[in-house]
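Topology and contacts: notes
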Amino acid sequence: MMNYFKMAYRNLGRNFRRTLLSGMALAMGTALLMFIAAFFQGEMRSSMETTLRLNTGHLQVKDAEYDPDKFSVAWEYLIENPQQVSAQIEAMDQVQAATPRLFASGIVSVLEESVGVQIMGIIPDSSANDPYRDGLISGEFLTADDREGIVIGAPLAESLGLKVGDQLELLVNTSEGNVDKQKFTIRGIFSTGTTSYDKSVVLLPLAKAQAFSGAADHASMIFILLKDREQADAVAGAIQGNGLQIKTWKELNELLVLINDFSNAYLTVLNLIILGVTATVIVNTLLMSVFERTREIGILTAIGMKGRQIIALFLAEATLLALGGITFGSLIGWAISAYYSKVGVYFGDLGMSNDMLLNDRIYTELTLDSAVNLIVTAFIITILASLYPARMASRMEPVEALHGAQ
Amino acid sequence: MEVAKLTDVTRKYKIGEVETRALNGVSIIINDGEFTSLIGPSGSGKTTLLQLIGCLDQPSSGKIVINGKDTTNLNRNQRADLRKETIGFVFQFFALIPTLTAYENVEMPLLLNGKNPAERKQRTLELLDAVDMGKRANHRPDQLSGGQQQRVAIARALATNPKLILADEPTANLDTENGEQVMEIMKRLNKDTGATFVFATHDPRVIKYASRVVTLQDGLIVKDSNSK
């Protein structure tokens, strides 16, 4: 066994430049795949986490009649006594936060310009609002009893030329189907890192939003975050309430869950394509090596080496090439992924809908699982690819092999 | 004792539509300990005959028995085993594996025969000394002269103590001095070990070493000094 590897090592060294180039091809393929895997994983996690954190939560409790597309604040679509309901839910062990939110459609207007927004009435103290509170880039967050304050996203402030302390006029569709308007002072400007979301949402304290829109003591939903999102079904089952609908994050994000499930299959196909190309390089290298060494193969068969031993010799070469190339490639891939997991890849506002939010900056995430998976796949494909030239060498007739090179 | 017995052996090659007959019905018996030279002009069938005796090739018809074993129905692996155990080869070109040292080249057949490390070392050094290459054991082929390479090839051919050693134009690429030296070594080993040597050559200086000279022409044996 050792002798095969010793011979293989020396054979690879004979045409060092070719070996180096083939090894590099394998290394590049592996590094590229590792980065793509890390990027994909980061992207999927980011889109899932951002969407859940900002948009859907892990569970939503709404009135059975509620239509999320209309943002209607007509009382028949809303939950009564939302604070009481949310307090009960928040008392459950698995729940991290449960807070009422009221949604209304509105228009922000400054001088000549106006922009359609979603008004979100929140209980400022709830930890479910951390993304906005922690994302404040200037000013302060809302307080529950603030009657004139508003918090808006950075891209909206920028597009309207607003800063903390400035006033804006907000129009709202009320529960009676009228339009009401009022001036608000900007208390704070936040950035969640997702531009498409930040430019479409403005925050008011729940009490003010209720009074402004005529929703009285009602809310659109109870927004719930769990300690472990896999508990969503169990918690949903435990929440009781007449005339309420309870939706888990899976039901609320069917498309996202589907894409997430498919991403592995997609990644596998991509792996096979790139590794297929790399494998062709390896086959080519070994085939050239077989042709160049026809006479040697003849000599080895003449002194009694059998077909399977010739195969073993070439497989040993492929193994060494694979070990070198894949190890080097993994290190590069790991280094690039590690770098971009800190720095992120900036994409900016991709104009996604709120159904599937994506952070402006994607941070790569390389899991041990996917790295090992990739390394093993690359190794197996390289060895399988080398079987063809190896078998070809093993089937040479000794006379022809000896003759062919004279 | 018969080391090789060929009965009415033919070998045809088909190149495109043209069929050529390299051997036209050759029968010959090679006995233990002989030092036989196959001579004849180019294309007379010397190399083909040597390859058939060496189980590197198979006859189109006829029967070949090597060391008492009929080779007619042997498969690739069985032929490889027979070569490994019974036959050693010395080729016209200096057929060493370029990535292996002289020592490793000689050791290779012993490895293939599954000898243990101690046995391998003893036998390899002994053979390298026998061909006067002991001091160059760690040299690669490209660091050796043609004559030195051929001596290593002879050592390798003898490694497993084969009954039969086949040499195809072993001196063709050597100058007179090295050619003589190589023939001296083969002759000496023939005497010392009792191994049977068959070599194909058209070098008249080599023929003087042979105890038996077989002349081929157009794929037939036209003269055999044994049947005088």
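Quantities reported herein were computed from a predicted structural model and do not represent experimental measurements.

**Brief notes about the overall build of chain A**
If you tally the helices and strands in chain A, you get 14 helices and 14 strands. Computed over the C-alpha atoms, the radius of gyration of chain A is 31 Å, more than 25% above the 22 Å expected from 2.2 N^0.38 for a compact globule of 406 residues. C-alpha atoms of chain A, sized along the principal axes, occupy 100 × 45 × 30 Å. Across the 406 residues that make up chain A, the buried fraction comes to 53%. Of all intrachain contacts in chain A linking residues separated by at least 6 positions in sequence, the fraction that spans at least 24 positions is 77%. Element-wise, carbon and sulfur atoms account for 56% of the exposed surface of chain A, whose accessible area totals about 18600 Å². Charge-centre separation for chain A: the mean point of 30 positive side chains lies 17 Å from the mean point of 42 negative side chains.

**A look at the overall build of chain B**
Along the backbone of chain B there are 7 helices and 10 strands. In terms of overall dimensions, chain B is globule-like: its C-alpha atoms have a radius of gyration of 17 Å, near the 17 Å expected for 228 residues. C-alpha atoms of chain B, sized along the principal axes, occupy 50 × 40 × 40 Å. Burial analysis of chain B (228 residues in total) assigns 55% to the buried set. Here the contacts in chain B between residues at least 6 apart in sequence split such that 71% fall between residues at least 24 apart. Accessible surface, chain B as shown: approximately 9800 Å² in total, 45% of it carbon and sulfur. Averaging the locations of the 30 positively and 27 negatively charged side chains of chain B gives two centres separated by 2 Å.

**Thoughts on the packing of aromatic side chains**
Residue and element names in this part refer to chain A. Inspection of the entire model under this criterion finds 11 aromatic pairs over all chains. With a centroid separation of 5.7 Å and an interplanar angle of 45°, the aromatic rings of phenylalanine 39 and phenylalanine 347 are classed as tilted. Here phenylalanine 39, found in helix α2 (residues 16-56), pairs with phenylalanine 347, found in the loop between β13 (345-346) and β14 (361-362); they are 308 residues apart in sequence, far enough to count as distant. Classification of phenylalanine 39 as buried rests on a relative accessible area of 16%.

**Structural notes on the pairing of strand β8 (residues 179-190) of chain A**
Residue and element names in this part refer to chain A. Relative to β8, strand β5 (residues 136-139) runs antiparallel, the two being bridged by 3 bridges. Bridge pairing in β8 links leucine 136 to phenylalanine 190. Looking at chain direction, strand β6 (residues 149-153) and β8 are connected through 5 bridges and run parallel. Within β8, the position partnered with glycine 149 by the bridge is threonine 185. In this structure, strand β7 (residues 167-173) lies alongside β8, joined through 7 bridges in antiparallel fashion. Each bridged residue has a counterpart across the sheet, and for glutamine 167 the counterpart in β8 is threonine 185. From the end of β7 to the start of β8, which pair antiparallel, there are 5 residues, and glycine 177 there has a positive phi angle of about 90°.

**Remarks on the domain arrangement of chain A**
Residue and element names in this part refer to chain A. Segmenting chain A into domains produces domain 1 (2-52 + 256-404) and domain 2 (65-242). One C-alpha centre belongs to domain 1, the other to domain 2; they are set 50 Å apart. Here domain 1 meets domain 2 over a buried area of about 830 Å², counting both sides, of which 41% is carbon and sulfur. Inspection of the region where domain 1 meets domain 2 yields 0 salt bridges. Counting the contacts that link domain 1 with domain 2 gives 2 residue pairs in polar contact (both at pLDDT 80 or more).

**Some remarks on the packing of helix α10 (residues 254-292) of chain A against helix α13 (residues 368-394) of chain A**
Residues and elements named next belong to chain A. α13 packs onto α10 with a crossing angle of 35° between their chain directions and a minimal axis gap of 8 Å. The handedness of the crossing between α10 and α13 comes out as right-handed. Contacts between α10 and α13 involve Asn271, Leu272, Leu275, Ala279, Ile282, Val283, Leu286, Leu287, Val290 and Phe291 from the former and Leu374, Thr377, Ala378, Ile381, Thr382, Ala385, Ser386, Tyr388, Pro389, Met392 and Ala393 from the latter. Residue classes in the contact of α10 with α13 are distributed as 17 nonpolar, 4 polar and no charged.

**Considerations on the sheet that holds strand β1 (residues 2-15) of chain B**
Residue and element names in this part refer to chain B. A sheet is described by the order of its strands in space; here 4 strands give the open sequence β2-β1-β4-β5, paired in antiparallel fashion. Both outer strands of the open sheet, β2 (18-31) and β5 (69-70), are each paired with one neighbouring strand and no more. For strand β4 (residues 61-66) and β5, the ladder comprises 2 bridges, and the chain directions are antiparallel. What sits directly across from isoleucine 66, in β5, is lysine 69. Helix-sheet contacts for helix α1 (residues 46-53) involve β1, β2 and β4, and the interaxial angle to β1 is about 120°.

**With respect to the environment of Ser42(B)**
Residues and elements named next belong to chain B. Mapped onto the elements of the fold, serine 42 is located in the loop between β3 (35-39) and α1. When its relative accessible area of 62% is taken as the criterion, serine 42 is described as exposed. For serine 42 and leucine 216, which are 174 residues apart along the polypeptide, the C-alpha to C-alpha distance reads 9.8 Å.

Conventions used here
- Residues numbered from 1 in each chain as written.
- Chains lettered and ligands numbered in written order.
- Predicted model: local features only at pLDDT ≥ 70, side-chain atom pairs only at ≥ 80, totals over all residues.
- Heavy atoms only, no water.
- Helix = DSSP H or I, 4+ residues; strand = E, 2+ residues; numbered from the N terminus.
- Rg over C-alpha atoms; globule rule 2.2 N^0.38 Å.
- Buried < 20%, exposed > 50% of the residue type's maximum accessible area, 1.4 Å probe, protein only.
- Contact = heavy atoms within 4.5 Å.
- Areas by Shrake-Rupley, 256 points an atom, 1.4 Å probe, with all protein chains shown as cover.
- Lys, Arg positive; Asp, Glu negative; His and termini not counted.
- Charge placed at Lys NZ, Arg CZ, Asp CG, Glu CD.
- Phe/Tyr/Trp six-rings, centres within 6.5 Å; stacked < 30°, edge-to-face > 60°.
- Pairing = 2+ DSSP bridges.
- Domains from an automatic or database assignment.
- Buried area = accessible area lost by both parts, 1.4 Å probe.
- Salt bridge = Lys/Arg side-chain N within 4 Å of Asp/Glu carboxyl O.
- Polar contact = N/O pair within 3.5 Å; in protein donor to acceptor, adjacent residues only side chain to side chain.
- Axes fitted to C-alpha atoms, helices over the stretch in contact; angles between N-to-C directions.
- Left-handed = near helix turned anticlockwise from the far one by under 90°.
- Nonpolar A, V, L, I, M, F, W, Y, C, P; charged D, E, K, R; others polar.

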